[in-house]
Amino acid sequence: MCYLDCSQCDCCHYKGGACCLDGVSLHHAGPGDVLCSSYRNSEAYGNVATDNAPATAETAVRCDDIGCRHNKNARCSAVHINIEETACGPRCTTRADR
């Protein structure tokens, strides 16, 4: 499990800097770019965070970025992961080249 700190406040799973999902998926989107593919805009889906389990910072993180040094068998091994809001979507800023 990783400690996930998320600032994508327009995601329907977002609740106070944490995620209501028990696991998220990160997707390699290009050189040095990894986006959260679990992101769902709250305008389209409503704020399901109030209906889901309580938000928790501890979550499992699946990732397909084999170029990241934290990737171990499609799982993130980083102790702390930051997801930040960007123009192209929620981006993993913890990513580091091998």
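Structure: see above.
Here's a quick rundown of the structure. (Residues numbered from 1 in each chain as written. Predicted model: local features only at pLDDT ≥ 70, side-chain atom pairs only at ≥ 80, totals over all residues. Heavy atoms only, no water.)

**Here we look at the overall build of the protein**
Okay, so step 1: Along the backbone of the protein there are one helix and 10 strands.
Okay, so step 2: From first element to last, N terminus to C terminus, the protein shows the α and β order β-β-β-β-β-α-β-β-β-β-β.
Okay, so step 3: Across the protein, the fraction of contacts at a sequence separation of at least 24, relative to all contacts at a separation of at least 6, is 68%.
Okay, so step 4: Accessible surface computed for the protein: about 5,400 Å², of which carbon and sulfur atoms make up 51%. (Helix = DSSP H or I, 4+ residues; strand = E, 2+ residues; numbered from the N terminus. Contact = heavy atoms within 4.5 Å. Areas by Shrake-Rupley, 256 points an atom, 1.4 Å probe, with all protein chains shown as cover.)

**Digging into the nonpolar core**
Okay, so step 1: Within the largest apolar cluster, 15 residues are counted, with the highest numbers of intra-cluster contacts made by L26, V61, I81 and I83.
Okay, so step 2: Contributions of two or more residues to this core are made by strand 1 (2-6), strand 4 (23-30), strand 5 (33-36), strand 6 (58-63) and strand 9 (80-86).
Okay, so step 3: The element that contributes the greatest number of residues to this core is strand 1, accounting for three residues.
Okay, so step 4: If we ignore the near neighbours within four places in the chain, the residues touching I81 are C2, Y3, L4, D5, V61, C76, C92 and T94. (Core = buried A, V, L, I, M, F, W, Y, C linked by side-chain atoms within 4.5 Å. Buried < 20%, exposed > 50% of the residue type's maximum accessible area, 1.4 Å probe, protein only.)

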